[in-house]
Amino acid sequence: MRSDRNTAAPLGLKIAAGCGLLFMHLPILLIFLYAFTTEEKSYQFPPPGLTLKWFAVTWDRPDVWAALGLSVRVAAISTVIALVLGTLCAAAVSGSRFFGRETISLLVILPIALPGIITGIALRSAFSFAEIPFSFWTIILGHATFCVVVVYNNAVARFRRVSGSLVEASMDLGADGFQTFRYVILPNIGTALLAGGMLAFALSFDEVIVTTFTAGQQQTLPIWMLEELVRPRQRPVTNVVAMVVVLVTFLPILGAYYLTRDGDQVAGGGK
Amino acid sequence: MSALAERSILEGRAGPAGRLSDFFWRNPKILLLLMLTPPLLWLGVIYLGSLFALLLQSFFSIDDFSGLINYEFTLSTYRQLLIPSNFDIILRTVVMAALVTLASAAIAFPIAYYAARYARGKWKVVFYLGVMLPLWSSYLVKVYAWKLILAKEGIVTWALAKLHLLWLLDAWLSLPVVGGNSLSISYTGTFIVFIYVWMPFMILPIQAALERVPGNLIEASADLGGNPAQTFRHVIFPLALPGIIAGSIFTFSLTLGDYIIPQIIGSSRLFIGQAVYAQQGTAGNIPLAAAFTVVPIVIMGLYLWMAKRQGAFDAL
């Protein structure tokens, strides 16, 4: 990469890269436009008129609020479980070498490497086999399982950079294990955990494939949207909800980026 | 001397917390065990347990008359996978996943190439966030956006009408296989949406692989008389290949298991994910659903094994 510092990119490459980025972003921007359309029966483009009416209509919809509330509660609890399990796993794997270490990494990654439908149907048949009724907690059981990997990845990357001699120095200075964890390890891995937690929250908040198998009658926000996609009844309300979901998921992503960016990745790092 | 030596070994810490801390320091294995037990219990029992239970069910069969599961070991459920209608589903899904992967690589490569080799400072951040935001934004919202775009009254039809190119769309839709009544109920539509949703997963691994290509290799190639095209063909591309393969693991696996995109945007012909969903839900045939899930597991197993031989995991 260094040799290209003074050469400009070929025009063809610029166009291809620019078109690629446009392809990724234009559909999302279109969602923002449709949230304001006055048309309620079809997906007509260009919109015949613009209005703010649907925001008020959506605000007064109890089913949307219920779905949003459930999604937030599920994501919050799954994130906490994933934070505990992921951090423990990362600490164990990076702190020492032992038999089966590679297997543990594979086990953590598996729920997200296999297609979601497999995780979903496996959990569903296990629940029916064990006669566990579908509930709030069965949704969380599924979500926490695949959220562990995000926390784990972030924590492992950070543990690798926290030097072992820091821990030894702390112990030499008389701190016990708990004090070392509280005053030395935690401040060092804190931002990585926060970033992992935010991504886990975003992942859980958006998850639909596993949820369709592990939820009974409850509707998380993605399930509500899926119903609307399969059988559109409330197009304008769906448009508004879609736009809000985009905005809500952008925040944790940006937050996680600012928490984990390295010195060499930020502006001026290309020197 | 001996007194000094004795004093250099600190006394045990006081209090239960201190004693516990000392105990863990002396017995790191026990601490390790305590740390690993909760995650292993969760993933090992809940996740692997369910997975094995599912795989086990694929060796049972369903009684054609009563509709109940017959708990006897049999391979007859797997034999059902080979009957033409089911085998078509598998073939269709694998071909779609392969095409989506190839097209994703073609679109992702220029973005990753520019980001890795030309973007500097502020632009580097723009490219990074420009990839991360669509990658992480809501799956359903992305699918929904394409429902708006591909609808008959939507933006594609409008734009083509303005350009007086509607005849082109009609000609494409009248083609066999890829065509259909409208874009949103054709394979073409399914294909576009698959690319849109899974392509971003391809960019970062390719970019990581390209960033690791040493600059002096490129200079050496130029010194030896290679023109830029030759350098790309013989130096850069082979070194980027592990990144492409690493990215293709995501696009291939995710397309293989998806059942929502073809259900919302696509023809009525099923993909593996939809078949699993239909078998376990309305048909109530859990053994066949389980056998269907084994197909992507086996295909991904082979794929990962090949990717590992190509060194793709170092590019992750």
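Every value quoted in this text rests on a predicted model; they were computed, and no experiment measured them. (Residues numbered from 1 in each chain as written. Chains lettered and ligands numbered in written order. Predicted model: local features only at pLDDT ≥ 70, side-chain atom pairs only at ≥ 80, totals over all residues.)

Draft legend 1. Spatial organisation of the overall build of chain A. Within chain A, the secondary structure is distributed over 11 helices and 0 strands. Listing each helix as α and each strand as β along chain A from the N terminus yields α-α-α-α-α-α-α-α-α-α-α. By its C-alpha atoms, chain A is 70 × 65 × 30 Å across when sized along the principal axes. Counting contacts in chain A only where the partners sit at least 6 residues apart, residues at least 24 apart contribute 77% of the total. (Helix = DSSP H or I, 4+ residues; strand = E, 2+ residues; numbered from the N terminus. Contact = placed C-beta atoms within 7 Å.)

Draft legend 2. How the structure looks around the overall build of chain B. On a plain count of helices and strands, chain B comes out with 16 helices and 2 strands. Rg of the C-alpha trace for chain B: 27 Å, well past the compact-globule value of 20 Å for 316 residues, more than 25% over. Its C-alpha atoms give chain B principal-axis dimensions of roughly 100 × 75 × 40 Å. For chain B, with 316 residues in total, the buried portion stands at 42%. Within chain B, residue pairs in contact and separated by at least 24 positions form 70% of the contacts whose partners lie at least 6 positions apart. (Rg over C-alpha atoms; globule rule 2.2 N^0.38 Å. Buried ≥ 20, exposed ≤ 12 C-beta atoms within 10 Å, placed from the backbone.)

Draft legend 3. Fine view of the UniProt feature "domain: ABC transmembrane type-1" (unreviewed entry) in chain B. The sites that carry the UniProt feature "domain: ABC transmembrane type-1" (unreviewed entry) are, in the present numbering, residues 90-307 of chain B. End C-alpha to end C-alpha, residues 90-307 of chain B measures 21 Å, and it is 78% helix and 0% strand. (UniProt positions renumbered as here; feature names shortened; annotations may be inferred.)

Draft legend 4. Structural view of the UniProt feature "transmembrane region" (unreviewed entry) in chain B. As annotated by UniProt and renumbered to match this structure, "transmembrane region" (unreviewed entry) occupies residues 30-56, 89-113, 125-149, 155-173, 185-206, 235-261 and 282-306 of chain B. Secondary structure over residues 282-306 of chain B splits into 84% helix and 0% strand, and the C-alpha atoms at its two ends are 37 Å apart.

Draft legend 5. Fine view of the UniProt feature "transmembrane region" (unreviewed entry) in chain A. Residues and elements named next belong to chain A. In the numbering used here, UniProt assigns the feature "transmembrane region" (unreviewed entry) to residues 12-36, 64-92, 104-122, 134-152 and 240-259. As a span, residues 12-36 carries 92% helix and 0% strand, and end to end its C-alpha atoms are 36 Å apart. Here residues 134-152 runs as 89% helix and 0% strand, with 28 Å between its end C-alpha atoms.

Draft legend 6. Broad picture of the nonpolar core. Counting residues in each nonpolar core, the largest one holds 155 residues, and the members touching the most others are A:V148, B:A112, B:V143 and B:I206. Of the residues that make up this core, three or more belong to each of domain 1 (2-57) and domain 2 (79-315) of chain B. Apart from residues no more than four positions distant in its own chain, A:V148 is found in contact with A:A82, A:L85, A:G86, A:V108, B:P39 and B:L43. (Core = buried A, V, L, I, M, F, W, Y, C linked by C-beta atoms within 7 Å. Domains from an automatic or database assignment.)

Draft legend 7. Structural view of the interface of chain A and chain B. With 72 residues of chain A at the contact, the number on the chain B side is 82 residues. At the level of elements, helix 1 (11-34), helix 3 (62-95), helix 4 (101-113), helix 5 (116-129), helix 6 (136-161), helix 8 (177-206), helix 10 (221-230) and helix 11 (235-260) of chain A are the ones that each hand at least two residues to the side of chain A that touches chain B. Looking at the side of chain A that touches chain B, the element that brings in the most residues is helix 1 of chain A, giving 14 residues. Counted by class, the side of chain A that touches chain B contains 54 nonpolar, 13 polar and 5 charged residues. (Nonpolar A, V, L, I, M, F, W, Y, C, P; charged D, E, K, R; others polar.)

Draft legend 8. Region of interest: the environment of B:S137. By secondary structure assignment, the location of B:S137 is in the loop between helix 6 (122-136) and helix 7 (139-150). We classify B:S137 as buried; it has 24 C-beta atoms within 10 Å. As for B:S137 and B:V197, which are separated by 60 residues in sequence, their C-alpha atoms are 9.7 Å apart. The contacts of B:S137, once residues within four sequence positions are left out, are A:I28, A:V246, A:T249, A:F250 and B:K142.

Draft legend 9. Main features of unusual backbone geometry. In this structure, A:E131 takes a positive phi of about 55° despite not being glycine. Mapped onto the secondary structure, A:E131 falls in the loop between helix 5 and helix 6. Residue classification places A:E131 among the exposed positions, given that 6 C-beta atoms sit within 10 Å. Despite not being glycine, B:V177 shows a phi value in the positive range, around 65°.

Draft legend 10. Seen up close, the environment of B:G189. Residues and elements named next belong to chain B. By secondary structure assignment, the location of G189 is in helix 10 (residues 187-198). Measuring from C-alpha to C-alpha, the distance between G189 and A208 comes to 31 Å, with 19 residues separating the pair along the chain. Those residues in contact with G189, other than ones at most four positions away along the chain, are L150, L183, S184, I265 and G266.

Draft legend 11. Highlighting the packing of helix 3 of chain A against helix 6 of chain A. Residue and element names in this part refer to chain A. Where helix 3 meets helix 6, the axes come as close as 6 Å, and the angle between the chain directions of the two elements is 40°. Considering their axes alone, helix 3 and helix 6 lie oblique with respect to each other. At the point where helix 3 passes helix 6, the crossing takes the right-handed sense. Of the residues contributing to the contact of helix 3 with helix 6, the split by class is 20 nonpolar, 6 polar and 1 charged. (Axes fitted to C-alpha atoms, helices over the stretch in contact; angles between N-to-C directions. Parallel < 35°, antiparallel > 145°, perpendicular 65-115°, else oblique. Left-handed = near helix turned anticlockwise from the far one by under 90°.)

Draft legend 12. Molecular detail of the UniProt feature "domain: ABC transmembrane type-1" (unreviewed entry) in chain A. Sequence positions flagged by UniProt for "domain: ABC transmembrane type-1" (unreviewed entry) are, in local numbering, residues 68-256 of chain A. End-to-end, the C-alpha atoms of residues 68-256 of chain A are 22 Å apart, and along that stretch the chain is 84% helix and 0% strand.

Draft legend 13. The confidence of the model for chain B, seen in detail. Residues and elements named next belong to chain B. Taken as a whole, chain B shows an average pLDDT of 85; of its residues, 95% reach a score of 70 or greater. The low-confidence segment residues 1-5 (pLDDT under 50) makes 0 contacts with residues lying over four places distant or belonging to another chain. On the interface metric, ipTM, the complex scores 0.81, and its pTM is 0.84. (pLDDT = per-residue confidence, 0-100.)

Draft legend 14. Quick peek at the confidence of the model for chain A. Residue and element names in this part refer to chain A. Summary statistics for chain A give a mean pLDDT of 83 and a share of 94% for residues scoring 70 or more. At the level of individual helices and strands, chain A shows its lowest average pLDDT in helix 4, which scores 79, and its highest in helix 1, which scores 91. When the criterion is pLDDT under 50, residues 263-271 qualifies, and its contacts beyond four places in sequence or with other chains add up to 11 contacts.

Draft legend 15. View of the environment of B:G247. Residue and element names in this part refer to chain B. Structurally, the position occupied by G247 is in helix 13 (residues 228-257). Residue class for G247 comes out buried when judged on the 31 C-beta atoms lying within 10 Å of it. In this structure the C-alpha to C-alpha distance between G247 and A105, which are 142 residues apart in sequence, comes to 8.1 Å. Setting aside anything within four residues of it in sequence, one finds G247 in contact with A108, F201, M202, P205 and I206.

Draft legend 16. Here's a closer look at helix 6 of chain A. Residue and element names in this part refer to chain A. For helix 6, built from 26 residues, the straight-helix expectation of 38 Å at 1.5 Å per residue is met to within 8% by its first-to-last C-alpha distance of 38 Å. A maximum bend of about 30° is found in helix 6 at F146. The buried fraction of helix 6 amounts to 20 of the 26 residues, a majority that puts the element mostly inside the structure. (Expected span 1.5 Å × (residues − 1). Bend = angle between axes of the 7 residues up to and from the residue.)

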